[in-house]
Amino acid sequence: VGQIGLGLPRISMLPGGPADDLASLVPRVTAGDAGALRSLLSELVPHLLRVSRRVLGSDHPFVEDVAHDAAYTVVGQLAQYRGEGTVLNFARRIAVNTAMNMRRRDRAQKRARVREVVDTDAFEAQGLDPEATLAQTAVLPAVREVLDELPEVLAETLVLNLLLGHTVVEIAEIAGAPLETVRSRLRLAKERFKSRAEKHPVLRELRFEP
Amino acid sequence: MKVALEDLSALSRRDELSEPERQRLDVLLQSSADARLFHGLGRRFDAEDPSLPIADAASEAVVDALLNDPRLLSDLQRRGSAKRRTLPRSTWLIAAAALFVASLAGAVIGVQRLRSERASIRAAAALPSVSAPAGRAVGQAVLPAGPVSGPIQEHAAPELSAEPLPTHPTPASAAELLSAAGRARRIGQPKQALELLQTLRSHYPNSPEASASEITLGKLQLETGAVAVALGHFDAYLQRSPSGALTPEALWGRAQALTQLGRSSEAQQSLSQLLQRYPASPYASAARAKLGSAAAGRP
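Residues numbered from 1 in each chain as written. Chains lettered and ligands numbered in written order. Predicted model: local features only at pLDDT ≥ 70, side-chain atom pairs only at ≥ 80, totals over all residues. Heavy atoms only, no water.

A. Structural context of the overall build of chain A. In terms of regular secondary structure, chain A is built from nine helices and two strands. The helix and strand sequence of chain A, counted from the amino end, reads β-β-α-α-α-α-α-α-α-α-α. Counting only residues that meet the buried cut, chain A has 51% of its 210 residues in that class. Put simply, of all contacts in chain A between residues at least 6 apart along the chain, 61% involve residues at least 24 apart. By element, 51% of the accessible surface of chain A is carried by carbon and sulfur atoms, the whole surface being about 9,800 Å². (Helix = DSSP H or I, 4+ residues; strand = E, 2+ residues; numbered from the N terminus. Buried < 20%, exposed > 50% of the residue type's maximum accessible area, 1.4 Å probe, protein only. Contact = heavy atoms within 4.5 Å. Areas by Shrake-Rupley, 256 points an atom, 1.4 Å probe, with all protein chains shown as cover.)

Dropping the structure here:
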């Protein structure tokens, strides 16, 4: 437990990270304070929506539903929150898992996804190269497909790093794992991802010039 | 502290690298195909969904749905009361004594809470590298209290307190500044929100958050009646990000501002554009209703 500012207690934070303003709301929310619940949700839901959009793709029909379910789970699990990380990171992990579970259910049930219809005539009318644009639109869904094939713990680490742009220290706090463990998971996840990507019809064509 | 190689890409995506760190990243990208692959993919995710964790119409809809779900609060209250029932009698006696003591110190605690709420917003803006007037850090600026009326002076220097307040130990990121500004706006502290947005725009001018700040600024100015200034911000966003994640918000805000300025035909054009380009946006039904009532009101 650290101290910041006017000597206010600080529940937990990343090394060098911001104070956790939301931690003070937790006891009030768990005691049933509706105002505190509104404040907490207003802060958390935009972050949960962002996680949901990145993991599912912003055109996925259940982006808002996943953010809703994640927020519901966060509130339900606040009683178990022990202040080992920030409330926001506690919520982020729940959102990542909720969204990844939705993707796994999608795969298992082979549920038809609503995808944006790519109108190649429209691209031509705008002077764009339809094939190049089509390849662009196919890359990120392909990355998500490969992530679905990774073991859960590796997929979670790579989602946090690649899709959400978190650093190793941040991932360690979100996942509640030691730094070296996260480094090793990230290295392994990238290796596994790469070996699958090399066999993927869309991803194997990817070239990033230096 | 030296940034680890594996974090250079993540920090670069947030526009948080210093010049030497940027050079290290360039060297890494030149020499490693893997680094190029993952950095390039990360950039694509950022480009696909540049939406920021700010309170937009979609998040407000989710929050409303949750708050209107009777199960959520009743579950919480049931859990809270169950927890209270399990406490031993001695705990209640101690709690009663503590409450008595706490009531004597109530005024002091009230003052401290007020200061802490202000400090939490101020903390997000504290960037140690910033030089503030009179040699003080930005984190020492006093947070102006209470609602304001009329346009906000966007270039006014922050007031300074007589009593120095501690600064935040680390720089705030662009996302934290934008989030804190949004919070300040929602709790009725528009001047604070403006200071935070100015800090964001000066420290991270090329970040997506700086672009998104045009929307927050537009909303702030609309709320204080500075409609023409608000219109300028919405137009600036549209010029900067014509197909950005917040374009529906910009078109909606633009229509609101134009309506208030009496330029109804331009407002309708903005609404039509919103409907045409974003028929599934959360603003679509409201835009349709406004266009419908405008058509019905025509002679």
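B. Summary view of the overall build of chain B. Counting secondary structure elements, chain B contains 14 helices and zero strands. When the helices and strands of chain B are listed from N to C terminus, the series reads α-α-α-α-α-α-α-α-α-α-α-α-α-α. Excluding contacts between residues fewer than 6 apart, the proportion of contacts in chain B whose partners are at least 24 apart in sequence is 57%. Within the structure as shown, chain B displays about 15,300 Å² of accessible surface, and the carbon and sulfur contribution to it stands at 58%.

C. Focus on the packing of aromatic side chains. Under the counting rule described, the total for this entry stands at two aromatic pairs over all chains. The ring of B:Phe38 has A:Lys190 lying over it, and the distance from NZ or CZ to the ring centre is 5.1 Å. (Phe/Tyr/Trp six-rings, centres within 6.5 Å; stacked < 30°, edge-to-face > 60°. Lys NZ or Arg CZ within 6 Å of the ring centre and 35° of its normal.)

D. Structural context of the side chain of A:Thr157. Here A:Thr157 lies in helix α7 (residues 152–163). Setting aside residues no more than four positions away along its own chain, A:Thr157 makes contact with A:Ile171, A:Val182, A:Arg185 and A:Leu186.

E. The arrangement of the nonpolar core in detail. Among the nonpolar cores identified, the biggest contains 72 residues, and A:Leu41, A:Val143, A:Phe193 and A:Leu203 are the most heavily contacted of them. The element best represented in this core is helix α2 (residues 34–56) of chain A, accounting for 11 residues. Look past the residues within four positions of A:Phe193 in its chain and what remains in contact with it is A:Val143, A:Val146, A:Leu150, A:Leu158, A:Leu203, B:Phe38 and B:Leu41. (Core = buried A, V, L, I, M, F, W, Y, C linked by side-chain atoms within 4.5 Å.)

F. Structural detail: helix α8 (residues 168–175) of chain A. When you tally the buried positions in α8(A), you get seven out of eight residues, the bulk of the element. A:Gly176 occupies a position one or two residues after α8(A) and carries a positive phi of about 65 degrees.

G. Expanded view of helix α11 (residues 227–240) of chain B. Residue and element names in this part refer to chain B. Look at α11: 20 Å from first C-alpha to last across 14 residues, which is about the 20 Å you get at 1.5 Å a residue. For α11, the set of buried residues is Val-227, Ala-230, Leu-231, His-233, Phe-234, Tyr-237 and Leu-238. One face of α11 carries all of its buried residues, which in axial projection span an arc of 160 degrees. In α11, the exposed positions that point more than 90 degrees away from the buried face belong to Ala-228 and Gln-239. Contacts from the buried residues of α11 go to α9 (190–203), α10 (208–223) and α12 (247–260). (Expected span 1.5 Å × (residues − 1). Arc of directions from axis to C-beta.)

H. Structural detail: the packing of helix α1 (residues 5–13) of chain B against helix α3 (residues 33–48) of chain B. Residues and elements named next belong to chain B. Direction vectors running N to C along α1 and α3 enclose 25 degrees, while the axes themselves pass 10 Å from each other. In terms of orientation, α1 and α3 fall into the roughly parallel class. Pair α1 / α3 crosses with right-handed handedness. Between α1 and α3, the residues in contact are Ser-9, Ser-12 and Arg-13 and His-39, Gly-42, Arg-43 and Asp-46, respectively. By residue class, the composition of the contact of α1 with α3 is no nonpolar, four polar and three charged. (Axes fitted to C-alpha atoms, helices over the stretch in contact; angles between N-to-C directions. Parallel < 35°, antiparallel > 145°, perpendicular 65-115°, else oblique. Left-handed = near helix turned anticlockwise from the far one by under 90°. Nonpolar A, V, L, I, M, F, W, Y, C, P; charged D, E, K, R; others polar.)

I. Looking closely at the pattern of salt bridges. Across all of its chains, the model carries 15 salt bridges over all chains by this definition. Linking A:Glu180 and A:Arg183 is a salt bridge whose minimum nitrogen-to-oxygen distance equals 2.7 Å. Of this pair, A:Glu180 and A:Arg183 both sit in helix α9 (residues 179–197), three residues apart, which is roughly one turn of that helix. Residue A:Lys194 is joined to B:Asp34 by a salt bridge in which the shortest nitrogen-to-oxygen separation is 2.9 Å. (Salt bridge = Lys/Arg side-chain N within 4 Å of Asp/Glu carboxyl O.)

J. Layout of the side chain of A:Glu170. One can find A:Glu170 in helix α8. At 3.2 Å, the side chain of A:Glu170 forms a polar contact with the side chain of A:His166. (Polar contact = N/O pair within 3.5 Å; in protein donor to acceptor, adjacent residues only side chain to side chain.)

K. Expanded view of the environment of B:Lys290. Residues and elements named next belong to chain B. Residue placement: Lys-290 occurs in helix α14 (residues 284–297). The exposure class assigned to Lys-290 is partly exposed, which follows from its relative accessible area of 44%. For the pair Lys-290 and Ala-267, spaced 23 residues apart in sequence, the C-alpha separation works out to 9.9 Å.

L. Representation of unusual backbone geometry. With phi around 65 degrees, B:Asp15 is a residue other than glycine that occupies positive phi space. With respect to the helices and strands, the residue B:Asp15 is situated in the loop between α1 and α2 (19–31).

M. Up close: the confidence of the model for chain A. Residues and elements named next belong to chain A. Residues with a pLDDT of 70 or more make up 75% of chain A, whose mean pLDDT is 78. Across chain A, the secondary-structure element scoring lowest on mean pLDDT is strand β2 (residues 8–10), at 29, and the one scoring highest is α7, at 96. Scored below 50 in pLDDT, residues 1–18 shows 43 contacts in the model against residues more than four places distant or in partner chains. Low pLDDT (under 50) marks residues 111–135, which in the prediction has 23 contacts with non-local residues, meaning those over four places away or in another chain. (pLDDT = per-residue confidence, 0-100.)

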